[in-house]
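# Remarks on the overall topology
These are the residues of each chain, in order.
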Amino acid sequence: MATLQSSSFLNPSTTFSRSIQEQQDLMNGCDYTNRIAQQLISPKYHVMNNIVPDPRAVLTTTKQLYAIKEAITDRVEMHKNIGEQRSQWNTMLLISINCITLAAATMTAIAANMSSTLLYFAATVMLVIMNRLQPSQLAEEQRNAARLFRNLLNQIDTTLSIGHPVTTSDVKIAMENVLALDKAYPLPLIGTMLDKFPPSVEPAVWWPQQRRRNSINIIQNRDDLNGWDGELEEEMRRVTRILEEKDQEEYIRLGKKALKLNKILTILALVLTGVATIGSVFVGWCCSWGVVPGALASIVNTIQHGGQVGMVFEMYRNNAGFFKYMKESIESNLMEKDFERRENGQVFEMKLTLKLGRSLSELRDLAHSYSSCVIL
């Protein structure tokens with residue numbers, strides 16, 4: 001199993017909320033602008049490059065971030081509702097196809113007629129559609145999308161509540177994240193639907209490929225190295241190797257197995273219903289050709305869609321994507337040579353341990369033990 005297990009993928013436990021007075025100030029404009037201006041000249045803040053942001057520009061970017069927040073809230077509800085709908089599709093289609101198949105098998109066993117052939121044909125067509133769409137996988141995609149949009153919503157709430165003025169960089173990063181999530185988990189079924197039987201298993205990617213670090217213009221009481229040192233950097237490098245070589249590869253391997261099983265069950269179910277359809281036409285020669293394949297097809301269909309093999313594949317693909325995301329987050333910090341532009345090292349390490357479901361001491365011990373194993 002994976003070395004680093006995540007108990008809560010990209011889902012922070014604490015969400016900051018703005019007060020009613022702040023929202024009223026934002027609507028009024030003037031009070032909020034004056035308050036931001038007071039923050040900018042406050043002695044407890046250090047302003048990079050001695051540049052004080054224009055309060056009116058800050059007000060504009062704050063309004064833009066609120067607009068993005070409203071759009072994300074709508075997307076969360078939309079993905080949640082559609083996910084529930086597609087989960088119901090899986091149950092409805094599974095029950096319908098099995099009932100039709102078993103009814104056709106019963107009719108074939110009792111008497112040879114065209115009704116059983118038509119029922120088998122209808123079941124085969126419905127099964128082709130169901131195997132093409134993989135409703136359980138579609139539902140899992142929307143559940144993941146809703147969760148990740150909620151996480152993005154929490155990040156925006158944090159940005160609005162943490163105290164520093166909103167910049168155009170904050171707005172740009174939020175927009176990029178929204179568009180990347182829209183691309184990673186599309187809602188339409190025609191044209192943009194994800195390939196349910198890809199030629200190779202790749203980790204899910206829901207973040208911008210060229211992610212830019214949020215450069216906060218106002219910094220409060222930070223050391224020169226911003227919480228980083230040589231030991232922490234080396235620890236993070238070891239963690240990236242563990243994430244890539246152990247956890248990510250483990251979930252990709254499991255995803256390949258789930259995908260292979262899903263393909264086998266898909267082909268087998270269609271072959272069995274096809275044989276049953278043809279067998280029902282020639283039932284006078286051998287009754288078993290119209291009955292046994294139909295019964296077996298119901299069993300295979302129940303294993304595939306009742307067991308939600310497509311959902312399991314999507315879960316493994318997203319887990320692999322999570323570890324890839326964490327790996328790239330670490331690398332983006334280490335590649336940034338300007339320590340002030342990095343996320344605070346101590347805060348970043350704590351967030352990493354929480355997302356991976358480990359304590360600080362456990363993560364450090366694991367990094368050191370892995371380094372020792374590599375040396376040996």
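Cut-offs applied
Residues numbered from 1 in each chain as written. Predicted model: local features only at pLDDT ≥ 70, side-chain atom pairs only at ≥ 80, totals over all residues. Heavy atoms only, no water. Helix = DSSP H or I, 4+ residues; strand = E, 2+ residues; numbered from the N terminus. Buried < 20%, exposed > 50% of the residue type's maximum accessible area, 1.4 Å probe, protein only. Areas by Shrake-Rupley, 256 points an atom, 1.4 Å probe, with all protein chains shown as cover. Core = buried A, V, L, I, M, F, W, Y, C linked by side-chain atoms within 4.5 Å. Contact = heavy atoms within 4.5 Å. Polar contact = N/O pair within 3.5 Å; in protein donor to acceptor, adjacent residues only side chain to side chain. Axes fitted to C-alpha atoms, helices over the stretch in contact; angles between N-to-C directions. Parallel < 35°, antiparallel > 145°, perpendicular 65-115°, else oblique. Left-handed = near helix turned anticlockwise from the far one by under 90°. Nonpolar A, V, L, I, M, F, W, Y, C, P; charged D, E, K, R; others polar. Patch = residues over 30% accessible without salt bridge, like charges linked within 9 Å, V, L, I, M, F, W, Y side chains within 5 Å. Salt bridge = Lys/Arg side-chain N within 4 Å of Asp/Glu carboxyl O.

In this section: the overall build of the protein. Counting its secondary structure elements, the protein contains 11 helices and 2 strands. From first element to last, N terminus to C terminus, the protein shows the α and β order α-α-β-α-α-α-α-β-α-α-α-α-α. When the 376 residues of the protein are sorted by exposure, 47% land in the buried category. Element-wise, carbon and sulfur atoms account for 60% of the exposed surface of the protein, whose accessible area totals about 19,400 Å².

To continue, consider the nonpolar core. Core analysis: the biggest nonpolar cluster contains 47 residues, and Ile68, Ile72, Tyr185, Trp206, Met236, Ile330 and Leu352 have the highest contact counts within it. Contributions of two or more residues to this core are made by helix H3 (55-110), helix H5 (135-161), helix H6 (168-184), helix H7 (230-281), helix H9 (309-335), helix H10 (345-355) and helix H11 (360-375). If sequence neighbours within four positions are ignored, isoleucine 330 has contacts with Met236, Val239, Thr240, Leu243, Phe348 and Leu352. In terms of nonpolar packing, the next biggest core, distinct from the first, is built from 11 residues, Leu94, Leu127, Ala297 and Val309 among them.

This part covers unusual backbone geometry. Backbone geometry at asparagine 226 places phi at a positive 55 degrees, although glycine is not the residue there. Along the chain, the position of asparagine 226 falls in the loop between strand S2 (218-219) and H7. Look at asparagine 226 and you get buried, because its relative accessible area is 1%. For glutamine 308, which is not glycine, the phi dihedral falls at a positive 50 degrees. Secondary-structure assignment places glutamine 308 in the loop between helix H8 (288-306) and H9.

So, about the side chain of threonine 273. Positionally, threonine 273 belongs in helix H7. Within the local environment of threonine 273, its side chain forms a polar contact with the side chain of threonine 124, the two groups lying 3.5 Å apart.

With that settled, the discussion passes to the packing of H3 against H5. At their nearest, the axes of H3 and H5 sit 8 Å apart, and the two run at 160 degrees to each other. Of the possible angle classes, the one that applies to H3 and H5 is roughly antiparallel. Crossing of H3 against H5: the hand is left-handed. Considering only residue class, the contact of H3 with H5 consists of 18 nonpolar, 9 polar and 7 charged.

With that out of the way, let us pick up a nonpolar patch on the surface. A cluster of nonpolar side chains, namely Val292, Leu296, Ile299 and Ile303, defines an oily patch on the protein surface of about 350 Å² accessible area. Structurally, the position occupied by leucine 296 is in helix H8. Since its relative accessible area comes to 39%, leucine 296 is described here as partly exposed.

What follows deals with the pattern of salt bridges. Close approach of charged atoms lets side chains of opposite charge pair. All chains considered together, the criterion is met by 15 salt bridges. For glutamate 233, the salt bridge is made with arginine 237, and the minimal N-O distance between the two is 3.9 Å. One end of the pair is glutamate 233 and the other is arginine 237, both in helix H7 and 4 residues apart, which spans about a single turn. Relative accessible area serves as the criterion here: at 14%, glutamate 233 is assigned to the buried category. The exposure class assigned to arginine 237 is partly exposed, which follows from its relative accessible area of 34%. The salt bridge partner of glutamate 343 is lysine 351, with a shortest N-O separation of 2.7 Å.

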